[in-house]
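# Chains, contacts and geometry: an overview
Residues per chain are reported as follows:
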Amino acid sequence: MFGIVRPCRHRLGEHLKTQWMAHLCGLCLALRKDHGQFARIVTNYDGLLISVLTEAQATAGGGGRRTAGPCPLRGMRTASVADGEGARLSAAVSLVLASAKVRDHVADGDGLLARKPVALAARRVASSWGAAGARSGSAVGFDTAVLVDAVDRQLGIETLAGPGTPILTVTEPTETATAAAFAHTAVLAGRPGNAAPLAEAGRLFGRLAHLLDAVEDRETDAAAGAWNPLTATGTSLTEARRLADDAVHGIRLALREAEFTDPKLAHVLLVHELRGSVDRAFGSSSCGHAGHTAAMSSPYAPPGPGGPGVPPPPEPPRRDRRGLLAGCAVWMGLACTCQMCCGEFEDPWSRQRREGLCNQCDCGDCGDCCDCGQCCGDCCDGCDCCDCGCDC
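Residues numbered from 1 in each chain as written. Predicted model: local features only at pLDDT ≥ 70, side-chain atom pairs only at ≥ 80, totals over all residues. Heavy atoms only, no water.

Our focus in this paragraph is the overall build of the protein. When you go through the protein residue by residue, the secondary structure sums to 13 helices and four strands. Residue pairs at least 24 apart in sequence account for 68% of intrachain contacts in the protein once pairs closer than 6 positions are excluded. For the protein, the accessible surface area stands at approximately 18900 Å², while carbon and sulfur atoms represent 57% of it. (Helix = DSSP H or I, 4+ residues; strand = E, 2+ residues; numbered from the N terminus. Contact = heavy atoms within 4.5 Å. Areas by Shrake-Rupley, 256 points an atom, 1.4 Å probe, with all protein chains shown as cover.)

Now the structure itself:
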C-alpha cells in the first residue's frame, strides 16, 4: 500500500470510511480479475482516487457496486465494493506506473535488483504489468501511451537536470500523466465538461506527489548516494513547501469548477487529506486525536470509566473465538495484505477490533474544515463542507 493520500479513519467517519474501503477493495479485485493474483501487489492508495472521482461524477446509482466475498483484509467479511470502469481505469493506471517504478529501481540497481538474475525477473514483471495496463486502459478507452511517454521522458529529464534546473521541469512528466488519468474519469462518468478542471487537479496532484516523495526520501537518498530531485536541482525545503501549498490550494479551486453528484469523499481526500499529507511530509503536524479527546473531557471529572487517566473498561470476551489453526490462517492473510499495519482489523483469534500501526496517523487537530469557520461542525465525523453553504 503506497501513496501520499493515506486517510485517517477518525476524520473520514464511518460512512466515508466504508466508501473509501469499497474503492480500495474494488481496485484490488479489479487487478485480480483482469490480471491475476500477483497483480494485486500494485494496489495503492493514490490509484483508488481514479475510482473515487469516477463514482463522484456518476449519476445517482450509476457508480457501480457489487458484493465481494470474504477477504482477510476485511476480517473475512463480505462487503460492497466498487465495480466498473472507474475501478478498471484505476487498475490500468496502477499497473503502468508500477511497471515504471520497477524499471526505475532496476536502472538504479536498488537493493537486490543490483543482482542480474533478480533484475532480469523484475524486468519481465515490469514488462508484463505494462502490457496488462495497456490492455485494461484500452478496454475503458484510455490510451496508456501518455503514461509510458511520461515515464520515458522522466528519465531523460532527470539525467539532464542539475543545479538551477527548475524543479517544475522535473515534475512535469508526472503532472502530465496524472492529468490525463484524472481527466478520463470525466469521460467515463459522461461529464465531458469536467475534463478540463479535473485535468488541472490531476496535474497539480502529480506535482504534489513528486514533491512529497522527494521530501520524504531526501535524507535516505543522500545517505545512499541516490538521485533526488530536490538535491539535484538545489531546491530548498522552503521552496518545495511553497509549491506544495500552492498545489493543494489549486486542487481545491479546480474541484470547485467540476460538477459532482456526490463530492464528499473526493473532497475529503483531495482537500483535507492532501493538506495532512503535506504537513506530514514536512514534519509540521502530529496526530490530534489525543489532544482532541482531552479537550472534550473535563479535567475535574471523577475517576471512573472515561475519566482522566483511567482506561476504559475492557470489552467483554467474545464467544465466537477462532481456533488455533483457523486463527493462524487469518493471521497469515492479514499479514500478507498489510491490514495489520495499514488499517483496522479483527484479531485473528478473539475477533476483537484492532487498529494497525498506520492508524496512529497525522491527521492534525481535526479542526480544519476547509477554512470555512467550522461551519460544518466536527470534521472528525466526516466533512459535510460541500453541503454547508459556505462555498468551500
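Taking 1.5 Å as the rise per residue, helix H6 (residues 167-188) with 22 residues should run 32 Å; its terminal C-alpha atoms sit 33 Å apart, in good agreement. Remark: the principal bend of H6, roughly 35°, maps to Pro173. Note on H6: the residue one or two positions beyond its end, Gly190, has a positive phi of about 75°. (Expected span 1.5 Å × (residues − 1). Bend = angle between axes of the 7 residues up to and from the residue.)

The next subject is the side chain of Thr185. Relative to the helices and strands, Thr185 resides in helix H6. Those residues within four positions of Thr185 in sequence are excluded, and the remaining contacts are Ile50, Leu53, Thr54, Gln57, Leu89 and Leu198.

According to the stated counting rule, one finds 15 salt bridges in the structure shown. A salt bridge links Asp149 to Arg153, with the shortest nitrogen-to-oxygen separation between them at 3.0 Å. With Asp149 and Arg153 both in helix H5 (residues 145-160), this residue pair falls four residues apart, about one helical turn. By relative accessible area, Asp149 is classed as partly exposed at 39%. (Salt bridge = Lys/Arg side-chain N within 4 Å of Asp/Glu carboxyl O. Buried < 20%, exposed > 50% of the residue type's maximum accessible area, 1.4 Å probe, protein only.)

Overall, the predicted model of the protein reaches an average pLDDT of 77, with 71% of residues at or above 70. The secondary-structure element of the protein with the lowest mean pLDDT is helix H11 (residues 289-296), recorded at 35, while helix H9 (residues 237-257) shows the highest, at 97. Taken as a whole, residues 286-319 scores under 50 in pLDDT and shows 27 contacts with residues more than four places along the chain or in a different chain. Predicted confidence for residues 357-392 stays below pLDDT 50, and this span has 86 contacts to residues more than four positions away or in other chains. (pLDDT = per-residue confidence, 0-100.)

To continue, consider the packing of aromatic side chains. For the structure on display, the rule yields three aromatic pairs. The interplanar angle of 25° and the centroid separation of 5.8 Å between the aromatic rings of Phe38 and Trp129 together place this pair among those described as stacked. Pair noted here: Phe38 is in the loop between helix H1 (9-35) and helix H2 (48-57) and Trp129 is in helix H4 (residues 116-139), with a separation of 91 residues, a long-range link. A relative accessible area of 52% places Phe38 in the exposed class. Trp129 sits in the buried class, given a relative accessible area of 10%. (Phe/Tyr/Trp six-rings, centres within 6.5 Å; stacked < 30°, edge-to-face > 60°.)

Quick look at the nonpolar core now. Ranked by internal contacts, the top residues of the largest apolar core, which has 82 residues, are Trp20, Phe205, Leu208, Leu270 and Leu274. Other than its neighbours up to four places away in sequence, Trp20 contacts Pro7, Leu12, Tyr45, Leu48, Leu265 and Leu269. (Core = buried A, V, L, I, M, F, W, Y, C linked by side-chain atoms within 4.5 Å.)

This next bit is on H4. Here H4 is 24 residues long and its end C-alpha atoms lie 35 Å apart, about the 34 Å a rise of 1.5 Å per residue gives. Buried within H4 we find Ala119, Ala122, Ala126, Trp129, Ala132, Gly133, Ser136 and Gly137. For H4, the elements touching its buried residues are H1 and helix H3 (85-108). Immediately downstream of H4, the backbone of Gly141 shows phi near 80°, a positive value.

With their axes 10 Å apart at the nearest point, H3 and H6 run at an angle of 160° to one another. By the angle class used here, H3 and H6 are roughly antiparallel. Here H3 and H6 pass one another in a crossing that is right-handed. On H6, the residues touching Glu85, Gly86, Leu89 and Val93 of H3 are Ala181, His184, Thr185 and Leu188. (Axes fitted to C-alpha atoms, helices over the stretch in contact; angles between N-to-C directions. Parallel < 35°, antiparallel > 145°, perpendicular 65-115°, else oblique. Left-handed = near helix turned anticlockwise from the far one by under 90°.)

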